[in-house]
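This is what each chain is made of:
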Amino acid sequence: SADSGRNLSLDSIPMGLPMSDPTAWATAMNNLGMAPMGMTGQPLLPDFDPALGMMTGIPPINPMMPGLGIVPPPIPPDMPAVKEIIHCKSCTLFPPNPHLPPPATRERPPGCKTVFVGGLPENGTEQIIMEVFEQCGEVIAIRKSKKNFCHIRFAEEFMVDKALYLSGYRIRLGSSTDKKDTGRLHVDFAQARDDLYEWECKQRMLAREERHRRRLEEERFRPPSPPPVVHYSDHECSIIAEKLKDDTKFSEAVQTLLTWIERGEVNRRTANNFYSMIQSANSHIRRLVNEKAAHEKEMEEAKEKFKLALSGILVQFEQIVAVYHSASKQKAWDHFTKAQRKNISVWCKQAEEIRNIHNDELMGIRREEEMEMSDEEIEDPSEMKETEESALVSQVEALKEENDSLRWQLDAYRNEVELLKQEHGKASRDEDTTKEQQLKLLQQALQGMQQHLLKVQDEYKKREAELEKVREDKLKIETLLETLKEQESSMSRVCACSQEKEGPVEKTLNNSPVKSEREALLVGIISTFLHVHPFGASIEYICSYLQRLDSKICTTEVEVLMTRLQTTFKQELSGVGASLEKKWKFCGFDGLKTT
């Protein structure tokens, strides 16, 4: 084909021709940050690494950059690139005006190795194009058009950047001034299917390597799989039975037993073996319960130790706070300096805060213990009333004691406030600020104590009211018991009298349409229901209402009863044909007049 005929390799062109001006190419390529290649393919600079396509001193290139090709680092925008005249064997390249903006280029395609070169002289040949652009690197192929442009494919991607450096240069063939021998080069990225295919192959290869690397990482960090459970046999069964008796090997053996049962290894032949293993597994329940009880005991002992230690710490905090309070009194306070007084007041405040925190924690522990005790001590309902009464009495006594202690504390705070007021009148002006702060703090504490005292008093009143209610309930229950006993004795007398009159009553009952007390109750309920529904109701509607009261009532029983009492209930038909409906109505008032 035409393209294959234009493909040129480096072997088909004589590469031993000397350069006309090697220093110009060295200067131009050095401004770009690349080392130029000579006509023989050797680097013009001794420290240039042809494998990397860059000079030593330039930082290493990351192969995972966009495009997945080795692309040299871009030139900083603030660094001016000075372009000079380049002399070749058959032509001369003149640099563009440095004040003009750089030539525009299209977006770089991925894996681009092909460039478009426009603005060639009309008399330019492939040999001249090869002479100019082979300085940028190994040329794989040149596809020249009949017009003044061509496509050049390089061996590596970084060579494209070297070729783009020549964009904007004016080219002149020899020393001719003819228009056909001159032109302005325009070099740009070109999109080629071969470049895209190679880039996609590289992408797939890198993706495969990345997947392989991740798989190795996952396999390295994956936890080892558990050992497989052995199949059932008599020998393995005896081993597992021995392991089930051992406390240290029980968890492993019971897992094997569970797997065997789920696999369906239990049959008539092996049932006794499995039963013995299940029995030995059941024997561990007592051990586990004992272990749990031991751990609970250890936890209770630790809680008790913690509570004792906390109460001891709280006592020491109380002593320290008492020391601060005694040091704050006038006898000792006047002898301290201002800085010492300030430190003592700060320390006292900190100690009180810490003491309050520890006190709250200890009270919380005690509340939790009381709640646990109340949950555990569930007694019979007969005994609960006595325990509630005793608990209320004990709570009332505790509230009384707490009320007294709060009153004493309140009196102490009042005395301290009075003393502070007296000291405030005698103290100097320098101490006014600290005294005011203390007064405010004590007033706040006093208000808090008063509020707490009011709450305690209210609670005390509530407890007393509850206690009185309990006593009243107890009296009521006693009176009810006495009345019940009296009613029992009277009922026994009535029963004796009723036995004598039983004969005539039974006769009257046999003659009446209502044969039992249950039927009488039903008649009363149905009469009330139908009186509320003056337009009547179907038998199903009446039965649905009665079944809410007693689910054993059936429709036939109710209908037979209502048909027996024709003077009390009557049945009416309404509607025509398919919409014919039977409804029952209450006619007791009319029946009363007739009878």
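If you look the chain up in an unreviewed UniProt entry, it shows as ENOX2 protein from Asarcornis scutulata. According to its UniProt record, the chain has this under Sequence similarities (unreviewed entry): "Belongs to the ENOX family."

Draft legend 1. Molecular detail of the overall build of the chain. Helices and strands together make up the secondary structure of the chain, namely 18 helices and 12 strands. Here the chain, with 595 residues, has 27% of them falling under the buried criterion. A sequence separation of at least 24 residues applies to 65% of the contacts in the chain between residues at least 6 apart. Accessible surface, the chain as shown: approximately 40900 Å² in total, 56% of it carbon and sulfur.

Draft legend 2. Structural view of the nonpolar core. Residues L93, V115, V117, F133, I152, F154 and L166 are the most contacted members of the largest nonpolar core, which totals 33 residues. Counting residues per element, the ones that place at least two in this core are β4 (91–94), β5 (114–118), α3 (126–133), β6 (139–144), β7 (149–154), α4 (158–164), β8 (170–173) and β10 (186–189). Residues in contact with F133, not counting those within four places in the same chain, are V117, V139, I152, F154, A163, L166 and V187. Listed in part, the 17 residues of the second largest apolar core include A537, C543, V558 and F569.

Draft legend 3. Representation of a positive patch on the surface within the structure. A surface patch of like charges, here positive, comprises R204, R208, R211 and R215. With respect to the secondary-structure elements, R211 resides in helix α5 (residues 193–221).

Draft legend 4. Broad picture of the packing of aromatic side chains. Taken as a whole and judged by the stated rule, the model has 8 aromatic pairs. Centre to centre, the rings of Y165 and Y169 are 6.3 Å apart; their planes meet at 45°, and the pair counts as tilted. There is no split in this pair, since Y165 and Y169 are both buried. Judged by centre distance (5.1 Å) and plane angle (90°), the ring pair of Y232 and W260 falls under edge-to-face. In this pair, Y232 is assigned in the loop between α5 and α6 (234–245) and W260 in helix α7 (residues 250–263), connecting sequence segments 28 residues apart.

Draft legend 5. Up close: a negative patch on the surface. On the surface, E464, E468, E472 and D473 cluster together into a patch of negative charge. Relative to the elements of secondary structure, D473 occurs in helix α13 (residues 432–500). Taking the relative accessible area as the measure of exposure, D473 reaches 41% and is therefore partly exposed.

Draft legend 6. Quick peek at the environment of T555. Within the secondary structure, T555 is located in helix α17 (residues 555–564). Since its relative accessible area comes to 30%, T555 is described here as partly exposed. A sequence separation of 15 residues divides T555 from E540, and the C-alpha atoms of the two residues are 7.1 Å apart. Residues contacting T555, with those up to four places away along its chain left out, are I539 and C543.

Draft legend 7. Examining the sheet that holds β10 more closely. Spatially, β6-β7-β5-β10 is the arrangement adopted by the 4 strands of the open sheet, whose pairing is antiparallel. Bordering the open sheet on either side are β6 and β10, each of which pairs with just one other strand. The average angle at which neighbouring strand axes cross in this sheet is 20°, direction not considered. One ladder, built from 5 bridges, connects β6 with β7; its direction is antiparallel. Directly across from V139, in β7, lies its bridge partner F154. Each of β5, β6, β7 and β10 touches α3; the most contacted strand, β6, lies at about 140° to it.

Draft legend 8. Helix α16 (residues 539–549), seen in detail. Along α16, the residues classified as buried are I539, I542, C543 and L546. Angularly, the buried residues of α16 cover 95° about the axis, an arc narrow enough to put them on a single face. Across α16 from its buried face, at more than 90 degrees, point the exposed residues E540 and R548. Looking at the buried positions of α16, the neighbouring elements they touch are α15 (517–532), α17 and β12 (581–586).

Draft legend 9. Spatial organisation of a nonpolar patch on the surface. Nonpolar side chains collect at one region of the surface, where I261, V266 and I278 lie side by side and expose about 230 Å² of accessible area between them. Topologically, I278 is positioned in helix α8 (residues 271–282).

Draft legend 10. The arrangement of the pattern of salt bridges in detail. Within this structure, the stated rule accounts for 21 salt bridges. The shortest N-O distance in the salt bridge between E296 and K292 comes to 3.4 Å. Placement of the pair is E296 and K292 together in helix α9 (residues 284–327), with a separation of 4 residues, close to one helical turn. With a relative accessible area of 38%, E296 lands in the partly exposed category. E304 is paired through a salt bridge with K307; the nearest N and O atoms lie 3.8 Å apart. Of the two residues, E304 and K307 are both situated in helix α9; the distance of 3 residues between them amounts to about one turn of the helix. When its relative accessible area of 37% is taken as the criterion, E304 is described as partly exposed. Connected through salt bridges with shared partners, the residues K113, R153, D195 and E198 form a single ionic network.

Draft legend 11. Region of interest: empty space enclosed by the protein. Overall, the coordinates contain 3 cavities of 30 Å³ or more when judged by the stated rule. Taken as a whole, the largest cavity encloses approximately 50 Å³ of empty space. Around the largest cavity sit P109, P110, C112, A190, Q191, A192, D195 and L196, which together line it. The residue inventory of the lining of the largest cavity, partitioned by class, reads 6 nonpolar, 1 polar and 1 charged. Of the voids in this model, the second largest cavity is the one considered here, and its volume is about 40 Å³. Forming the walls of the second largest cavity are L120, P121, G124, T125, I128, I129, K144, I171 and L173.

Draft legend 12. Representation of the sheet that holds strand β9 (residues 182–184). Read across the open sheet, the 4 strands follow the order β3-β4-β8-β9; overall the sheet is antiparallel. One side of each edge strand has no neighbouring strand; the edge strands of this open sheet are β3 (86–87) and β9. Sheet topology note: the β3/β4 ladder contains 2 bridges and is antiparallel. The residue bridging H87 from the neighbouring strand is T92, located in β4.

Draft legend 13. Looking closely at the pairing of β5. Burial runs high along β5: 4 of the 5 residues are buried. Sheet analysis places β5 next to β7, joined by 5 bridges and oriented antiparallel. Looking at the pairing, F116 lines up with H151 of β7. Where β5 and β10 come together, 4 bridges link them in antiparallel fashion. Across the sheet, residue F116 finds its bridge partner in β10, namely D188.

Rules used in this analysis
Residues numbered from 1 in each chain as written. Predicted model: local features only at pLDDT ≥ 70, side-chain atom pairs only at ≥ 80, totals over all residues. Heavy atoms only, no water. UniProt positions renumbered as here; feature names shortened; annotations may be inferred. Helix = DSSP H or I, 4+ residues; strand = E, 2+ residues; numbered from the N terminus. Buried < 20%, exposed > 50% of the residue type's maximum accessible area, 1.4 Å probe, protein only. Contact = heavy atoms within 4.5 Å. Areas by Shrake-Rupley, 256 points an atom, 1.4 Å probe, with all protein chains shown as cover. Core = buried A, V, L, I, M, F, W, Y, C linked by side-chain atoms within 4.5 Å. Patch = residues over 30% accessible without salt bridge, like charges linked within 9 Å, V, L, I, M, F, W, Y side chains within 5 Å. Salt bridge = Lys/Arg side-chain N within 4 Å of Asp/Glu carboxyl O. Lys, Arg positive; Asp, Glu negative; His and termini not counted. Charge placed at Lys NZ, Arg CZ, Asp CG, Glu CD. Phe/Tyr/Trp six-rings, centres within 6.5 Å; stacked < 30°, edge-to-face > 60°. Pairing = 2+ DSSP bridges. Axes fitted to C-alpha atoms, helices over the stretch in contact; angles between N-to-C directions. Arc of directions from axis to C-beta. 1 Å grid on protein atoms, 1.4 Å probe; cavity = no way out; pocket = protein on both sides within 12 Å on 5 of 7 lines; lining within 4 Å. Points joined across faces, edges and corners; volume = space filled by probe spheres on them. Nonpolar A, V, L, I, M, F, W, Y, C, P; charged D, E, K, R; others polar.

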